Amino acid sequence: MESEKRKLEDLIDMANPEAVFSEVASVFFTLFPSGDFAPVSKACLDTAALFRGNYPGYRECNIHYHDLKHTTDCLMAMARLIHGASVEGRPVGERQACLGLVSALLHDTGYLQETREGSGTGAQYTLIHIDRSISFMERYFAENDYSLEEERFCRGCLRCTGLDVKIDGIAFESPEHEFLGKALGTADLLGQMADRTYLERLPMLYSEFEEGGVPGFSDAWDLMKKTPGFWEFTKKRFAADLGGVDRYMIHHFEQRWSVARDLYREAIENNLRYLRYLLERHPSDYRNYLRRGGLMELLEEMES
């Protein structure tokens, strides 16, 4: 009975990056009891340092949607998909799993500004952030003795996070590479939309879109009105372009937590249900009904 009441947010303190890193390690060692997690562990520490402003040559993250929280949300979803697929009989090798997890950690590093990039925020790179993330990944791999083959592998995975990217145009090297690329594209979307503060973060996302020159939205409320449509688009992308790999998520929850439900899908549907309530009942004062995580207070400070 207790498992029937569990929600995604009850499992791990997703606001604590170190708690996420610990859970990812637990999932990894479930799959590879004698495995070498050191490359992923180092990438976790380096990514946290990067976003916190403690990485040589880079400024602290100065945006509030594509931040460290978003990265760890994506990482956790990626680990769960890899585990769920293995449970269901679609395993990947240890090194490939490591590369998939490292790809999740580095997938949005393109939003971080180098020290010499002093104007504006990282949001100005929204439309080119994937190319910038790949450039960071290439430098990081060169500094940490990854091979050129591994760099190419992760480049393909990072490309899968682009919403306008034709997945079937990516030259995957193997079925396992294709799975991990599609898993990363899926984890990126699941992680952010299932976040319990997703609705509070949408005005932050609009601010990033505005600075980054992303067309199609007149203001934050307009973005929120279009979010249910984005979820419909996302479900179609899961099924058509991303190979339906989201179906593996339920197998992770069943084995790891004894919960035979897809808690990501449930969390997203709950977010969308509340969003529709706001759209119908509170178009003029919706911010008063979005108070999780202190994000509305932060937004008000940014606007003042």
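Draft legend 1. The arrangement of the packing of aromatic side chains in detail. Taken as a whole, this structure holds 17 aromatic pairs when the rule is applied. For the pair phenylalanine 28 and phenylalanine 32, a centre-to-centre distance of 5.1 Å together with 50° between the ring planes defines the contact as tilted. Each member of the pair, phenylalanine 28 as well as phenylalanine 32, carries the same accessibility label: buried. Between phenylalanine 179 and tyrosine 248 the ring centres are 6.0 Å apart and the planes differ by 85°, which places this aromatic pair in the edge-to-face class. Here phenylalanine 179, found in helix 8 (residues 175-193), pairs with tyrosine 248, found in the loop between helix 10 (220-240) and helix 11 (249-257); they are 69 residues apart in sequence, far enough to count as distant. Owing to a relative accessible area of 1%, phenylalanine 179 belongs among the buried residues under this scheme.

Draft legend 2. How the structure looks around the environment of leucine 275. With respect to the element layout, leucine 275 can be found in helix 12 (residues 263-281). On the accessibility criterion, leucine 275 (0% relative accessible area) is buried. Excluding anything up to four places from it in sequence, leucine 275 contacts Leu199, Met224, Thr227 and Pro228.

Draft legend 3. Inspection of the pattern of salt bridges at higher detail. Inspection of every chain in the model, using the stated rule, returns 21 salt bridges. Between lysine 69 and aspartate 73 there is a salt bridge, with the nearest N and O atoms lying 2.9 Å from each other. Of this pair, lysine 69 and aspartate 73 are both found in helix 4 (residues 68-87), 4 residues apart, which corresponds to roughly one turn of the helix. A salt bridge links lysine 182 to glutamate 178; its shortest N-O distance comes to 2.7 Å. Within this pair, lysine 182 and its partner glutamate 178 are both found in helix 8, separated by 4 residues, close to a single helical turn. By relative accessible area, which is 30% here, glutamate 178 ends up partly exposed. Overlapping salt bridges, with partners in common, bring together Asp67, Lys69, Asp73, Asp195 and Arg201 in one network.

Draft legend 4. Molecular detail of helix 6 (residues 129-143). Helix length check: helix 6, at 15 residues, gives a terminal C-alpha distance of 21 Å against a target of 21 Å (1.5 Å per residue), a fit within 8%. All buried positions along helix 6 are accounted for by His129, Ile130, Arg132, Ser133, Ile134, Phe136, Met137, Tyr140 and Phe141. Elements that come into contact with the buried residues of helix 6 comprise helix 3 (38-51), helix 5 (94-106) and helix 7 (148-159).

Procedures and definitions
- Residues numbered from 1 in each chain as written.
- Predicted model: local features only at pLDDT ≥ 70, side-chain atom pairs only at ≥ 80, totals over all residues.
- Heavy atoms only, no water.
- Phe/Tyr/Trp six-rings, centres within 6.5 Å; stacked < 30°, edge-to-face > 60°.
- Buried < 20%, exposed > 50% of the residue type's maximum accessible area, 1.4 Å probe, protein only.
- Helix = DSSP H or I, 4+ residues; strand = E, 2+ residues; numbered from the N terminus.
- Contact = heavy atoms within 4.5 Å.
- Salt bridge = Lys/Arg side-chain N within 4 Å of Asp/Glu carboxyl O.
- Expected span 1.5 Å × (residues − 1).

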